[in-house]
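# Structural features, examined
If you want the building blocks of each chain, they are given just below.
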Amino acid sequence: MTSTATTPEEYITQLPEDRKAPITKLNELIKKHMPEGLEAGMSYGMLGYYVPKSIYPDGYHCKPFPPLPFINLASQKNFIALYHSGMYAKKELYDWFVAEYPKHCKYKLDMGKSCVRFKKIDDIPYDLIEELLGKMSVEEWISIYENTIKK
């Protein structure tokens, strides 16, 4: 479900009532603990946390816009999705998250390469997400992006 909202505040306002509190809590958690240098805003119709053009002018792929994405947060039809590009690009980080998840949640992990799907909004592992946010710097993300993804 892509939103047409142009600001994070508008995005949250448009959410169903049962999603507003967890998305707001996740948004605040991410903004407080995201790697230094990231900016928050809208990206791909979701809440986005990205490397600004002032730090990485090349942006994402070969387009002059958008900036290099790192984390996205979305309310989908049946779940809340947290996308973390670092887990997609760095196997050790992915493996760490998969191993840690059962220690923080009573439900089975539902995850793709970078997307963690939270179907039970009362069992979102906020503490694990906070720890994940400190596992990769902006500089490391740019380096991984340039050396493994951008090619």
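Quick summary incoming for the structure in this document. For every chain, the first residue of the written sequence is number 1, and numbering continues from 1 onward in sequence order. Totals for whole chains, interfaces and linings use every residue, but because this is a predicted model, local features are given only for residues with pLDDT of at least 70 and side-chain atom pairs only at 80 or more, for both listing and counting. Only hydrogens and water are set aside; all other atoms, that is, all heavy atoms of the structure, feed into the side-chain values.

## Concerning the layout of surface pockets
The pocket and cavity definitions rest on a 1 Å grid over protein atoms only: a 1.4 Å probe that fits but cannot leave marks a cavity, an open set with protein on both sides within 12 Å along at least five of seven lines marks a pocket, and residues lining either have an atom within 4 Å of a point. Grid points are joined across faces, edges and corners, and a volume is the space filled by probe spheres set on the points. In this structure, the largest pocket encloses a volume near 250 Å³. Lining the largest pocket are 14 residues, and of these Tyr60, Pro69, Asn72, Ser85 and Ser114 sit closest to its centre. Contributions of two or more residues to the lining of the largest pocket are made by strand E3 (68-75), helix H3 (85-89) and helix H6 (138-149). Per the convention used, a helix needs a DSSP run of H or I reaching at least four residues, while a strand needs a run of E reaching at least two, with both numbered from the N terminus. A total of four residues in the lining of the largest pocket trace back to one element, the largest contributor, which is E3. Here the residues of the lining of the largest pocket are counted per class, giving 11 nonpolar, three polar and no charged. Polar here means any residue other than Ala, Val, Leu, Ile, Met, Phe, Trp, Tyr, Cys and Pro, which are nonpolar, and Asp, Glu, Lys and Arg, which are charged; Gly is therefore polar.

## A look at the side chain of serine 3
One can find serine 3 in the segment before helix H1 (8-13). Working definition: with a 1.4 Å probe on protein chains only, accessible area under 20% of the residue-type maximum means buried, over 50% means exposed, and in between means partly exposed. Given the relative accessible area of 18%, serine 3 is considered buried. Here a polar contact means two N or O atoms within 3.5 Å. Within protein one must be a hydrogen donor candidate and the other an acceptor candidate, and residues neighboring in sequence count only if both atoms are side-chain atoms. At 3.4 Å, the side chain of serine 3 and the side chain of glutamine 14 are in polar contact.

## As for the sheet that holds strand E2 (residues 46-51)
What links the strands of a sheet is backbone hydrogen bonding, and the strands pair in either a parallel or an antiparallel sense. For two strands to be treated as a pair, DSSP must find no fewer than two bridges joining them. Pairing is antiparallel in the open sheet, where five strands are placed in the order E1-E2-E3-E4-E5. The sheet is open, and its two edges are formed by strand E1 (39-43) and strand E5 (115-118), each paired on a single side. On average, adjacent strands in this sheet sit at an angle of 25 degrees to one another, irrespective of strand direction. With five bridges connecting them, E2 and E3 associate as antiparallel partners. The partner of glycine 48 across the bridge, within E3, is asparagine 72. To get an axis, a line is fitted to the C-alpha atoms, and for a helix only the part in contact is used. The angle between two axes follows their N-to-C directions and goes from 0 to 180 degrees.

## Describing the packing of aromatic side chains
Only rings of Phe, Tyr and Trp enter the pairing, Trp through its six-membered ring, and a pair is recorded when the two centres are within 6.5 Å. The plane angle decides the type: under 30 degrees is stacked, over 60 is edge-to-face, the rest tilted. Evaluated as defined, the whole model comprises five aromatic pairs. Ring centres of tyrosine 56 and tyrosine 145 lie 6.1 Å apart, and the angle between their planes is 90 degrees; on these two criteria the pair is classed as edge-to-face. Note that tyrosine 56 is positioned in the loop between E2 and E3 and tyrosine 145 in helix H6, a separation of 89 residues in sequence. Of the residues examined, tyrosine 145 reaches a relative accessible area of 0% and is grouped as buried. Seen in terms of ring centroids, tryptophan 141 and tyrosine 145 are 6.1 Å apart; in terms of plane orientation they differ by 50 degrees. Their pairing is tilted. Of this pair, tryptophan 141 and tyrosine 145 are both found in helix H6, four residues apart, which corresponds to roughly one turn of the helix. You'll find tryptophan 141 and tyrosine 145 in the same group, each marked buried. Pairwise contacts between aromatic rings join Tyr56, Phe70, Trp141 and Tyr145 into one cluster. Any Lys NZ or Arg CZ found within 6 Å of a ring centre and within 35 degrees of that ring's normal is scored as a charge over the ring. It is lysine 120 that lies over the ring of tyrosine 107; its NZ or CZ is 5.3 Å from the centre. A cation sits over an aromatic face here: lysine 135 above tryptophan 96, 4.5 Å from the ring centre.

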